[in-house]
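# Close look at the chain arrangement
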Amino acid sequence: MTSLISAPTPSAPVDTRADALREHLMLTESLLGRLARSRGLNERARLQDEVVLLNLPLVDGVARRYAGRGIEWDDLVQVGRVGLLKAVVGYQAGKGAGFPAYATPTIAGEIKRYFRDHAWMVRPPRRLQELNAELSCVERNLRQQLHRAPSADELAGALGVETEELTDAMVARRAYIATSLDAPTRTDSGLSLGDALPDDSDGYAAVERVEWLRPALARLSERERRVIALRFVDGLTQEQIGSQLGVSQMQVSRLLAGILGRLRDDLGITDAQATA
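Note that this is a predicted model, so its numbers are computed, not measured.

If you tally the helices and strands in the protein, you get 14 helices and 0 strands. For the protein, the succession of helices and strands along the chain, N to C, is α-α-α-α-α-α-α-α-α-α-α-α-α-α. Restricting to contacts in the protein with at least 6 residues of sequence separation, those with at least 24 account for 54%. When the accessible surface of the protein is split by element, carbon and sulfur atoms take 54% of a total near 19,200 Å².

Here the structure, examined in full by the defined rule, presents 0 aromatic pairs. Over the aromatic face of F232 sits the side chain of R231, whose NZ or CZ is 5.7 Å from the ring centroid.

Next up on the list: the packing of helix α1 (residues 16-37) against helix α2 (residues 41-54). Where α1 contacts α2, the axes come no closer than 9 Å and their chain directions differ by 160°. Judged by the inter-axis angle, α1 sits roughly antiparallel to α2. Along this stretch, α1 crosses α2, giving a crossing that reads as left-handed. Mapping the contact onto sequence places H24, L27, T28, L31, L32, R34 and L35 in α1 and E43, R44, R46, L47, Q48, E50, V51 and L54 in α2. In the contact of α1 with α2, the residues fall into 7 nonpolar, 3 polar and 5 charged.

Counting across every chain of the model gives 7 salt bridges. The residue E50 makes a salt bridge to R46 at a minimum N-O spacing of 2.3 Å. With E50 and R46 both in helix α2, this residue pair falls 4 residues apart, about one helical turn. The exposure class assigned to E50 is partly exposed, which follows from its relative accessible area of 29%.

Bringing α1 into the picture now. An α-helical turn contains 3.6 residues, so any two residues separated by three or four positions project in the same direction. Here α1 contains 22 residues, and its C-alpha end-to-end distance of 32 Å stays within 8% of the 32 Å for a straight helix at 1.5 Å per residue. For α1, the complete set of buried residues consists of T28, L31, L32, G33 and L35.

Turning to the packing of helix α11 (residues 222-232) against helix α12 (residues 238-245), a few remarks are in order. It is at 10 Å that the axes of α11 and α12 come closest, and there the two elements cross at 140°. On the basis of the axis angle, α11 is oblique to α12. Note on packing geometry: the crossing formed by α11 with α12 is right-handed. Residues R226, V227, L230 and R231 of α11 form the contact with α12, whose participating residues are I241, Q244 and L245.

Turning next to the side chain of E110. Among the structural elements, E110 can be located in helix α5 (residues 99-118). Since its relative accessible area comes to 12%, E110 is described here as buried. In this structure E110 touches V79, V82, G83 and K86, once residues within four positions along its chain are discounted.

Turning our eyes to something else, we now look at the confidence of the model for the protein. Caution is warranted with low-pLDDT regions, since their predicted coordinates should not be read in detail. Summing up the model confidence of the protein, the mean pLDDT is 76 and the portion of residues at 70 or higher is 73%. For the stretch residues 1-9, pLDDT sits under 50, and the model shows 0 contacts to residues farther than four places along the chain or on other chains.

Turning next to the nonpolar core. Within the largest apolar cluster, 24 residues are counted, with the highest numbers of intra-cluster contacts made by L84, V88, F99 and I111. Residue assignment for this core shows that the elements contributing at least two residues are α1, α2, α3 (56-64), α4 (73-90) and α5. If one sorts the elements of this core by residue count, α5 sits on top with 6 residues. In contact with V88, other than residues within four places in its own chain, are L32, L35, Q48, V51, V52 and F99.

Cut-off values and rules
- Throughout, residues of each chain are indexed from 1 in the direction in which the sequence is written.
- Only residues with pLDDT of at least 70 are given local features in this predicted model, and only at 80 or more are side-chain atom pairs given and counted; all residues enter the totals for whole chains, interfaces and linings.
- Note that the side-chain values use all heavy atoms of the structure and ignore hydrogens as well as water.
- The way it works is that DSSP assigns letters per residue, a run of H or I at least four long becomes a helix, a run of E at least two long becomes a strand, and they are numbered from the N terminus.
- Residue contacts are defined here by distance: any two heavy atoms, one from each residue, within 4.5 Å place the two residues in contact.
- Per-residue and other accessible areas follow the Shrake-Rupley method at a 1.4 Å probe size, with only the shown protein chains counted as cover for residues.
- Under the pairing criterion, centres of Phe, Tyr and Trp rings, with the six-membered ring standing for Trp, must be within 6.5 Å; the plane angle then separates stacked pairs below 30 degrees from edge-to-face pairs above 60, leaving the rest tilted.
- A ring is considered to have a charge above it if a Lys NZ or an Arg CZ atom is located within 6 Å of its centre and within 35 degrees of its normal.
- Geometry is summarised by axes, namely lines fitted to C-alpha atoms with helices restricted to the contacting stretch, and by angles between N-to-C directions that run from 0 to 180 degrees.
- Small angles under 35 degrees read as roughly parallel and large ones over 145 as roughly antiparallel, with 65 to 115 read as roughly perpendicular and the rest as oblique.
- Handedness of each helix crossing follows the sense of rotation of the near helix against the far helix: counterclockwise by less than a right angle gives left-handed, clockwise gives right-handed.
- Gly falls in the polar group here, along with every residue not listed as nonpolar (Ala, Val, Leu, Ile, Met, Phe, Trp, Tyr, Cys, Pro) or charged (Asp, Glu, Lys, Arg).
- What makes a salt bridge here is a side-chain nitrogen of Lys or Arg within 4 Å of a carboxyl oxygen of Asp or Glu, nothing more.
- Partly exposed describes any residue whose relative accessible area lies between the buried limit of under 20% and the exposed limit of over 50%, with all areas from a 1.4 Å probe on protein chains only and scaled to the type maximum.
- In this analysis, the expected span of each helix is defined as 1.5 Å times one less than the number of residues it contains.
- The pLDDT value tells you how sure the predictor is about a given residue, anywhere from 0 up to 100.
- Working definition of a nonpolar core: buried Ala, Val, Leu, Ile, Met, Phe, Trp, Tyr and Cys residues. They are joined through side-chain atoms within 4.5 Å.

Put into structure tokens, the structure is as follows:
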């Protein structure tokens, strides 16, 4: 007869996570208390570094709320750590609900300021930036309450703004992240968005104008062609051309006027067409 051996009854799980959290908070408060009593610069810097290193996971937790919004993760963490250091410097040990309660909004505020000041590809007015941030939160809450996408009037009412101002804020969202011109137009297409932009240039017309102008330029003297090249190819001023030719600026002006007049006559261009 086979004997059955019963498995041992598992003991009650020990809440090691809660214990570790309490120990972490106690150590943080102890270091902050020592920091408040410290007077030496080196000692203060060392204690600040210890508190910051001990609470780096707090920064990661806050940064996760803002991940995927157009800012690289490393940048979010870096900015959050600046906020953590500010919280360490500004915190008064023994007051309030504890360091995490004080540091969390400080870190979040630093990240929000970074979004406001550095994340926009094209920066709209400050009011639209702030309204856009409020819009994201209100839109999410209304969607949960209504179990559908809220209308523009509902969003404007919840925000306490006119519908026109809400529309401006929604349009401003497009300035947040720019789409690269190298992005493909379709997943199965080799064309990019830049390739799809309209091109106003007319290569055939440019070639036609050059061929049309070539015989007219050939009828100019060598000196006249040099003046044209200095003015319209090299981009020299009339004074600079005069210095090279050994004549005055007024003489260069009259010379250019005469050359251009002859070219217009050869090409059959009227004065009205030349000034159009």
